[in-house]
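# Structure at a glance
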Amino acid sequence: MSTSQNNNLMPAWAQAALAMPSREGFIDVEGCAIHYIAWGDTAKPPLVLIHGNAASAEWWRFIAPLLVDQYHVIATDLAGMGDSAHSGQYERERYAQQVMAVADALAPGRKPMIVGHSLGGFVAIMVGSAYGERLAGLIVIDSPPREPVNRGTSPFVQVNPVPKIYPDRESALARFKVLPQQEVSCAFYLRYIAEHSIKQEAGGWRWKFDPAALAHPRPRDFVPDLLSMLCPVSLMWGELSARLDDSVRRFCYETFTGVLPMVEIPNARHHIMLDEPLALVTALRTQLSNWETRSP
């Protein structure tokens, strides 16, 4: 079933979001073509959304349109993911540079708000560490600020380095799953993401991401970066998230209470937009508005 055929299974708000016009293009960042999707009035304050590992800007397709009343919303594809180029250079610090380059190109001279989910949250922290004085705020969604010492091997490390080719589109879609694995409340959202995670090439269909981009190492402790950030920061996570278990949440409350705001989104797992998209939008709107109200 195609996305258009599946529209009648979407709630009205999601159909309206999907129908909202957007703009797409590419920004060259040191020879790497970085794909972006943008929504809304370019005169409004810029808000940049960063997706998680093996994901793409399309993960924000039903979130971004609900933020355009106040913001010029921009979602990027990190290198090696989505429709961005497979560069072979996937250092997370390089991702931060690419995100800021897109923001500078699409909203020159403006201080963007940055929102990152999962891997995108870690990239957002790196953006803040490198360019904090040039940001209006930073929201990190379901990205633990310190990885537990006994954390198991990342599921992305086990991804086959040779892209698997599926004989037809439906075969590829049938194998789609989110990592870390979880139940998903919004089936229409999951189907949409799956349909935009594959591409056709000689011999069949494959995932868009470059397997080499998934398992690149990143720092395991972002606490010093968060405590020394030169822009406002907020942490958000899903109430049922396996990535931020009770011990991680307790650590966050002990470390950041009174320092930066923390928001727990009810009934949501790690992939919050697939469980409680409207609650996520409400949380984002509230936090961003609080910062704007307090700005001189």
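The shown structure was predicted, so the numbers you read here are calculated from the model rather than taken from an experiment. (Residues numbered from 1 in each chain as written. Predicted model: local features only at pLDDT ≥ 70, side-chain atom pairs only at ≥ 80, totals over all residues. Heavy atoms only, no water.)

## Here's the deal with the pairing of strand β9 (residues 233–238)
The buried fraction of β9 amounts to six of the six residues, a majority that puts the element mostly inside the structure. Sheet topology places strand β6 (residues 137–141) next to β9; four bridges connect them, and they run parallel. Each residue of the ladder has a partner; that of I141, found in β9, is M236. In this sheet, strand β10 (residues 262–265) lies alongside β9 in parallel orientation, the contact comprising four bridges. When the sheet's bridge partners are listed, G238 is paired in β10 with I265. Considered for its hand, the β-α-β crossover made up of β9, helix α8 (residues 246–256) and β10 is right-handed. (Buried < 20%, exposed > 50% of the residue type's maximum accessible area, 1.4 Å probe, protein only. Helix = DSSP H or I, 4+ residues; strand = E, 2+ residues; numbered from the N terminus. Pairing = 2+ DSSP bridges. Right-handed = clockwise from strand over helix to strand, strands pointing away.)

## Remarks on the pairing of β6
Remember that side chains alternate between the two faces of the sheet whenever the strand is regular. Among the five residues that make up β6, five are buried, leaving the element largely enclosed by the rest of the structure. Alternating residues of β6 divide into G137, I139 and I141 and L138 and V140, and every residue in both groups is buried. Pairing of strand β5 (residues 113–117) with β6, which is carried by five bridges, proceeds in the parallel orientation. Bridge pairing links V115 to I139 in β6. The parallel pair β5 and β6 is bridged by helix α4 (residues 119–131), and the resulting crossover is right-handed.

## Description of the sheet that holds β10
Read across the sheet, eight strands follow the order β1-β2-β4-β3-β5-β6-β9-β10 without closing on themselves; strand pairing throughout is mixed. A single partner strand is all that each edge strand has here, and the edge strands are β1 (23–29) and β10. When strand polarity is set aside, the average angle formed by the axes of neighbouring strands in this sheet is 20 degrees. α8 contacts β9 and β10 of the sheet and is inclined by roughly 160 degrees relative to β9. (Axes fitted to C-alpha atoms, helices over the stretch in contact; angles between N-to-C directions. Contact = heavy atoms within 4.5 Å.)

## Observations concerning α8
Given 3.6 residues to a turn, an α-helix orients residues that are three or four positions apart in the same direction. Of all the positions in α8, only V248, R249, C252 and F256 are classed as buried. Seen along its axis, α8 keeps its buried residues to an arc of 100 degrees; they face one direction. In α8, the exposed positions angled more than 90 degrees off the buried face are occupied by D246 and E254. The secondary structure elements touched by the buried residues of α8 are α7 (223–227), β9 and β10. Just beyond α8, the residue with positive phi is G258, at close to 80 degrees. (Arc of directions from axis to C-beta.)

## Here we look at the side chain of R269
With respect to the helices and strands, R269 occurs in the loop between β10 and α9 (272–275). Overall, R269 belongs to the buried group, its relative accessible area being 19%. With sequence-adjacent residues up to four places away left out, R269 is seen in contact with D142, Q182, E183, S185, G238, L240, S241 and D275.

## Concerning the environment of A174
Mapped onto the fold, A174 is located in helix α5 (residues 169–174). Residue classification places A174 among the exposed positions, given a relative accessible area of 64%.

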